[in-house]
Amino acid sequence: MADLGKKYCVNCLADVSNLRLRCTDCPDIELCPECFSAGAEIGNHRRWHGYQQVDGGRFSLWGPEAEGGWTSREEQSLLDAIEQYGFGNWEDMAAHVGASRTPQEVMEHYVTMYIHGNLGKACIPDSIPNRVTDHTCPGGGPLSPSLTTPLPPLDVSLAEQQQLGYMPLRDDYEIEYDQDAEKLISGLSLNYDDEDVEIELKRAHVDMYVRKLRERQRRKNIARDF
């Protein structure tokens with residue numbers, strides 16, 4: 001005996017409670033996606049008739065081998081969340097999707113299906129124009145992260161911390177050497193119509209800033225040693 005709470009395809013009698021295509025021209029004609037795609041015709045129903053998708057919100061977009069329990073309604077909430085909160089805010093996205101999903105689950109599902117999956121491969125090009133390039137180098141050269149990477153905190157007493165203006169949780173000082181050094185580069189920008197003299201002047205500003213960073217780090221090292 002058929003379950004009164006379920007819906008069945010009128011052509012193949014498959015369970016279509018989660019997703020079905022309803023004909024808008026014929027009463028009581030509801031087809032499963034497979035029969036609809038094949039152009040099934042039954043009674044007065046013809047394949048060119050208008051149709052309406054009826055979504056129960058419980059079917060999987062990715063098939064049984066990769067569904068992981070994610071329903072179409074959760075997928076829609078996930079896409080709404082990524083647009084609202086932005087990539088990386090997994091806690092907010094998990095709260096938006098629902099209490100049944102943890103931030104780790106949300107991250108893994110989005111990265112697997114929408115970035116590394118077939119959808120991501122089709123939508124994300126291999127080469128993205130105007131992508132920001134990381135020009136830093138680890139060897140202590142210009143713009144190297146080693147110039148600004150903090151060292152392990154010093155083990156000093158509270159009185160010494162106050163005297164030095166030292167903040168152990170940040171391994172930094174309240175007052176830096178040459179506090180306004182960043183002004184040298186904060187307003188710099190390269191323009192297509194810059195002349196050679198202007199470009200060299202901007203390079204000189206960057207060089208001056210790097211030298212100030214080196215001196216700042218040297219003074220911190222001295223403070224650590226003595």
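The paragraphs below set out a description of the structure included in this document. Since the structure is predicted, the reported quantities are computational estimates derived from the model, not experimental observations.

What counts, and where the lines are drawn
Residues numbered from 1 in each chain as written. Predicted model: local features only at pLDDT ≥ 70, side-chain atom pairs only at ≥ 80, totals over all residues. Heavy atoms only, no water. Buried < 20%, exposed > 50% of the residue type's maximum accessible area, 1.4 Å probe, protein only. Helix = DSSP H or I, 4+ residues; strand = E, 2+ residues; numbered from the N terminus. Pairing = 2+ DSSP bridges. Patch = residues over 30% accessible without salt bridge, like charges linked within 9 Å, V, L, I, M, F, W, Y side chains within 5 Å. Areas by Shrake-Rupley, 256 points an atom, 1.4 Å probe, with all protein chains shown as cover. Salt bridge = Lys/Arg side-chain N within 4 Å of Asp/Glu carboxyl O. Lys, Arg positive; Asp, Glu negative; His and termini not counted. Charge placed at Lys NZ, Arg CZ, Asp CG, Glu CD. Contact = heavy atoms within 4.5 Å. Polar contact = N/O pair within 3.5 Å; in protein donor to acceptor, adjacent residues only side chain to side chain. Core = buried A, V, L, I, M, F, W, Y, C linked by side-chain atoms within 4.5 Å. Expected span 1.5 Å × (residues − 1). Arc of directions from axis to C-beta. Phe/Tyr/Trp six-rings, centres within 6.5 Å; stacked < 30°, edge-to-face > 60°.

### As for the pairing of strand S1 (residues 19-23)
Next up, step 1: Summarising burial for S1: 4 of the 5 residues are buried, a large majority.
Next up, step 2: Taken together, the 5 bridges between S1 and strand S3 (residues 51-55) define a ladder with antiparallel strand orientation. Bridging across to S3, Leu21 finds its partner in Gln53.
Next up, step 3: Pairing of S1 with strand S2 (residues 30-31) involves 2 bridges; the strand directions are antiparallel. The residue bridging Arg22 from the neighbouring strand is Glu30, located in S2.
Next up, step 4: Linking two consecutive strands that pair antiparallel, namely S1 and S2, is a turn of 6 residues; a positive phi of about 65° is found at Asp28 within it.

### Things to note about a negative patch on the surface
Next up, step 1: A contiguous patch of negative charge, built from Asp193, Glu195, Asp196 and Glu198, is present on the exposed surface.
Next up, step 2: Mapped onto the elements, Glu198 comes out in helix H8 (residues 196-225).
Next up, step 3: By relative accessible area, which is 37% here, Glu198 ends up partly exposed.

### Comments concerning the environment of Glu182
Next up, step 1: Tracing the chain through its elements places Glu182 in the loop between strand S5 (172-173) and helix H7 (183-186).
Next up, step 2: Of the residues examined, Glu182 reaches a relative accessible area of 29% and is grouped as partly exposed.
Next up, step 3: As a C-alpha pair, Glu182 and Val206 span 24 residues in sequence and 9.8 Å in three-dimensional space.
Next up, step 4: Not counting chain neighbours up to four residues away, the residues in contact with Glu182 comprise Tyr209, Leu213 and Arg216.

### Notes on the sheet that holds S2
Next up, step 1: Taken in spatial order, the 3 strands make up an open sheet running S2-S1-S3, and their pairing is antiparallel. With partners counted over all chains shown, the strands left at the sheet margins are S2 and S3, one partner each.

### Details of the environment of Arg218
Next up, step 1: Within the secondary structure layout, Arg218 lies in helix H8.
Next up, step 2: On the accessibility criterion, Arg218 (43% relative accessible area) is partly exposed.
Next up, step 3: A polar side-chain atom of Arg218 sits 2.7 Å from a polar atom in the side chain of Glu215.

### A few points about the nonpolar core
Next up, step 1: If you look at the biggest cluster of nonpolar residues, it comprises 12 residues: Trp70, Leu78, Ala81, Ile82, Trp90, Met93, Ala94, Val97, Val106, Tyr110, Met113 and Tyr114.
Next up, step 2: Contributing elements (two or more residues each) for this core: helix H2 (72-85), helix H3 (90-97) and helix H4 (103-115).
Next up, step 3: Ignoring anything within four residues of it in the chain, the contact list for Ile82 reads Phe87, Met93 and Tyr110.
Next up, step 4: Within the second largest apolar cluster, 6 residues are counted, among which are Cys9, Val16, Leu31 and Ala40.

### Notes on H4
Next up, step 1: Spanning 13 residues, H4 covers 17 Å between terminal C-alpha atoms, matching the ideal 18 Å at 1.5 Å per step.
Next up, step 2: Here H4 has its buried residues at Val106, His109, Tyr110, Met113 and Tyr114. Summarising the axial view, the buried residues of H4 lie within an arc of 100°, below the 170-degree limit, and thus occupy one face.
Next up, step 3: Looking at the buried residues of H4, the elements they touch are H2, H3 and helix H5 (118-123).

### As for the pattern of salt bridges
Next up, step 1: A full pass over the atoms with the stated rule returns 14 salt bridges.
Next up, step 2: Where Arg22 meets Glu30, a salt bridge forms, and the shortest distance between an N and an O atom there is 2.8 Å.
Next up, step 3: Relative accessible area serves as the criterion here: at 30%, Arg22 is assigned to the partly exposed category.
Next up, step 4: By relative accessible area, Glu30 is classed as buried at 11%.
Next up, step 5: Taken together, the shared-partner salt bridges connect Glu176, Glu182, Arg216 and Lys220 into one network.

### Overview of the packing of aromatic side chains
Any aromatic ring pair is given by two values, namely how distant the centres are and how the planes are angled relative to each other.
Next up, step 1: Applying the stated criterion across every chain yields a total of 5 aromatic pairs.
Next up, step 2: Considering the side-chain rings of Tyr110 and Tyr114, the 5.3 Å spacing of their centres and the 20° angle between planes classify their relative orientation as stacked. Here Tyr114 and Tyr110 lie together in helix H4, a separation of 4 residues that amounts to about one turn. For the pair formed by Tyr110 and Tyr114, the shared burial category is buried.
Next up, step 3: Within the aromatic cluster, the residues linked to one another by ring pairs are Phe87, Trp90, Tyr110 and Tyr114.

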